[in-house]
Structure formats: C-alpha cells, structure tokens
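Remarks on the overall topology
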Amino acid sequence: MMVPARLPVAPRPFVDELLSSWMARVAARYGAEPLELMVYLAGQGGGEAGARQVDDVAPDIGLLMLWAKACRIDPERLWHRSLASRYPDRPLDWFLTETVPVCLACFDADVAAGRDANLRANWRLAECVACPAHRTMLLDRCPACRGHLRLSLRMLNGLLRPFCRKCDAVLTGGGGEAEDLLKVDFAAGVLDLQRQINGIVRGGSGRLDRLELAVRTLWAPLDRDGAARPVFALWYDEPGWNCPFEARAAVGRSAPLQQLPVRWRALTLVILHDLFGADLVPCAVLPEAALVLFRRAAPLPWLTDGQDLRKGKGKRTIDAAAERVHRLSKRPVHRLNGNFLDERGDFGRIHP
C-alpha cells in the first residue's frame, strides 16, 4: 500500500474562497493544473480518483481526504469551503455550473493586500452579477481578447495572479471600470435587485417557486412553431430582435440562469423588476404586460404541470415541438437579416 503524498508547501484557503480556487492555488505552486496534481495525489493513494475533479457544490469526501492529507489540513475545514456547506438550503438550480465570472477589482485588491488572487464563493451564485464590495459588474469575458474567460493562476512578482488562458493577458481592472459612470450606476441598480433575489432564494418555497416560474417563462421559447427566441424578446420594442448566440443555450431550459452570461442574467433581473415591481415575483393577478408575455410562452412541460423540478419529483419529458426549438436554437443566424434560418420575423412586440 502506497503512502499518501505530503506536499511540502500548501497555502491555506481564504475565508470567502471557492474550494476549486484554493486547489488551483496549491497546484500553481508546483507549476501544475489542479487536475494534474489530483492525478498525482490519487496515484499516491487514491486509486482511480484522479479521473474526477472536486465539485465546488458538493465535493466527494474521498477526494477531499486526499487533498487534506497532502496539504496537512483538517478535511472538515475543506468541507466547510464547499457551496453545499456555505449555502445548505439553496437549490442546486441557483448555482452556476460553467464559467465563474470574476471581479477584476477584487483581484487588484488581493495584490494590494499582498496575497494571492482567488475566486470568491459568491461568484458562483446564479443571481450574482455585480460585486457588492466594488459596485462593478462581474466579467465572464477577457477584457483583452474578448473571449470566454478561462483563468489560469500563475506566479508574478511573488504572488499568484490570474491570467487569461487564451491570450495570456494578466487580468487587472486598472480603474477603468470605475471611471465609467453609466456602468457604475447600472451596477448599483442591479446590486439592489441582486440582494432582493438573494433574499427570495434564501427564503425557501412560496415566493421562490413563483420567481423560478417567472424566470423560466421569460426564457421559454415563443409559442410560434419553430421560434428560437425567448419570450422576453417581446419586451423589446425593436423589430426583428433575436436571441444572441451566447444566450441561445438557455432558451427552453428548466434552469436558464445557469446557462446565461452575466449581462443576460443582469437583464433578466431588470425585466423582473420592470414587470413585477419591487417584489420581483408574480402575484395572484399578473400585471397586463406580464400577462401578455406569459400567454406567448410555448407549452413546455415545466410551465404546464405543477411538479417540483428542484426536488426531482417526476420525470420530465420534452415533446417534439420543444425538441425542434432546441435544435433551431443551435442553428446559425442569417448574415443579411439577422433572423434565424427558416424563421420569419414577428413584429408583435410590446414594451411595458
């Protein structure tokens, strides 16, 4: 039996740091990626565990034990860094599962404090689109190359700094975001909505169920056969508006906020406020503008039956019409008129 590895240097996790961020910092100290270090640790005493990565939401206890032994840290302390431990009552649909958006001002603050850059746990919350500490919008695209943001932590001047994997640019705010007053005002307004949504999510069922229904309906496809745009396209008053490529993956999904980039999640919060006011959730009687939008939603299963998606009750099936919507949502946009191929324009827009 092989003795588990002991790493000579292993930084401690920060209080508000994502578990995966801490593992990336440990691996970066050895010039490796987290998966490479995981394979090494698993080979020392974890069997086939190296084929898996640690999940931020609910990590595998066996994998945590490998990291805990290697880094000489209490495994219970690592478990408390998981999102399941930090937010025990939060539904899984309200955690991001893909790219983690970041605040460049937070990275700059890490450097100013003389510590390694790290990813904050609240950046994985689906409603989190702005940084409460710096009142700026989170970013999910590299400010240098404009590509989808994928981070790599590397040593620079004695500290671990975030770099873009695609263009190798160091990620720093440099104060440019704070100088744009329009962005500052927008971020401040969205922050208020973000706090309200967070309170609804933490409040449990009831209002949360109504909120989820509203979000799913806004991102449901239109009722026209073959429509690949979401219902809230009618909220715009611009003829011919189509769902952009970066947001098409969310159309017709049961948890659309997981699939959306930051700016489209922020816009969803704004529309909820525009339709339902300060409560951000539909009441017993829908406002007229919301009623028009809701009536135009395609009859998807999660909009027509009352089963609880978050508790996994009942098997969901998608009918042929919904399947066609999903196929069309992946089709290219015509370069001349901006419409999806085989889709005619619908000029019945409304704007409340």
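Small disclaimer: the values here were computed from a predicted structure and weren't measured. (Residues numbered from 1 in each chain as written. Predicted model: local features only at pLDDT ≥ 70, side-chain atom pairs only at ≥ 80, totals over all residues. Heavy atoms only, no water.)

Details of the overall build of the chain
Keep this limit in mind: Working definition: helices are DSSP H or I runs of at least four residues, strands are E runs of at least two. Numbering for both runs from the N terminus. Note on contacts: a residue pair qualifies if any of its non-hydrogen atoms lie within 4.5 Å across the two residues. Residue burial considers only the protein chains on display, and all accessible areas are found by Shrake-Rupley using a 1.4 Å probe.
Of the regular secondary structure elements, the chain holds 13 helices and 4 strands. Long-range contacts, defined here as pairs at least 24 residues apart, represent 64% of the contacts in the chain between residues at least 6 apart. Surface accessibility of the chain: about 17,000 Å² in total, with carbon and sulfur atoms responsible for 54%.

Here's the deal with the pairing of strand S4 (residues 159-164)
Counted only if it meets this: Buried, partly exposed and exposed residues are distinguished by accessible area as a fraction of the type maximum, computed with a 1.4 Å probe on protein chains only: under 20%, between the cut-offs, and over 50%, respectively. Strand pairing is defined by DSSP finding a minimum of two bridges between the two strands.
In terms of residue burial, S4 counts as a mostly covered element, since 6 of its 6 residues are buried. Going residue by residue along S4, you find Leu159, Arg161 and Phe163 tucked away on one face and Leu160, Pro162 and Cys164 tucked away on the opposite face as well. With 6 bridges joining them, strand S3 (residues 151-156) and S4 adopt antiparallel strand pairing. Across the sheet, residue Arg154 finds its bridge partner in S4, namely Arg161. Joining the antiparallel neighbours S3 and S4 is a turn of 2 residues, in which Asn157 adopts a positive phi near 55°.

Regarding the packing of aromatic side chains
Formally: The pairing test for Phe, Tyr and Trp rings, Trp by its six-membered ring, is centres within 6.5 Å, and the orientation test on the planes gives stacked under 30 degrees, edge-to-face over 60, and tilted for anything in between. Geometrically, a lysine NZ or arginine CZ counts as sitting over a ring once it is within 6 Å of the ring centre and also within 35 degrees of the ring normal.
Across all of its chains, the model carries 6 aromatic pairs by this definition. Aromatic side chains Tyr87 and Phe95 sit 6.2 Å apart centroid to centroid with 55° between the ring planes, which places their arrangement in the tilted category. Taking the relative accessible area as the measure of exposure, Tyr87 reaches 22% and is therefore partly exposed. A ring pair is formed by Trp219 and Phe232, whose centres lie 4.7 Å apart and whose planes are at 75°; its orientation type is edge-to-face. Here Trp219 is found in the loop between helix H9 (207-218) and helix H10 (262-276), whereas its partner Phe232 is found in the loop between H9 and H10, with 13 residues between them in sequence. Exposure class is identical for Trp219 and Phe232. Each is buried. One cation-aromatic arrangement involves Arg115 over Phe14; the distance from NZ or CZ to the ring centre is 5.1 Å.

A word on the pattern of salt bridges
Cut-off, in case you're wondering: By convention in these notes, a salt bridge is any Lys or Arg side-chain nitrogen within 4 Å of a carboxyl oxygen on Asp or Glu.
Across all of its chains, the model carries 14 salt bridges by this definition. Between Arg195 and Asp192 there is a salt bridge, with the nearest N and O atoms lying 2.9 Å from each other. Taken together, the residues span about one helical turn, with Arg195 and Asp192 both in helix H8 (residues 181-202) at a distance of 3 residues. Note on Arg195: relative accessible area 44%, which makes it partly exposed. Taking the relative accessible area as the measure of exposure, Asp192 reaches 43% and is therefore partly exposed. Each member of the salt-bridge network shares a partner with another, and the members are Asp16, Asp110, Arg115 and Arg120.

Some remarks on a positive patch on the surface
Quick reminder of the rule: Note on patches: the residues involved have over 30% relative accessible area and no salt bridge, like charges join within 9 Å, and the nonpolar side chains Val, Leu, Ile, Met, Phe, Trp and Tyr join within 5 Å. The convention is simple: Lys and Arg are positive, Asp and Glu are negative, and His and the chain ends are not counted. For charged residues, the charge sits on one atom: NZ in Lys, CZ in Arg, CG in Asp, CD in Glu.
Positive charge collects at one region of the surface, where Arg6, Arg12, Lys69, Arg72 and Arg77 lie side by side. Within the secondary structure, Arg6 sits in the segment before helix H1 (19-28). Given a relative accessible area of 45%, Arg6 falls into the partly exposed group.

Interpretation note: all reported values are geometric properties and have no functional meaning in isolation.
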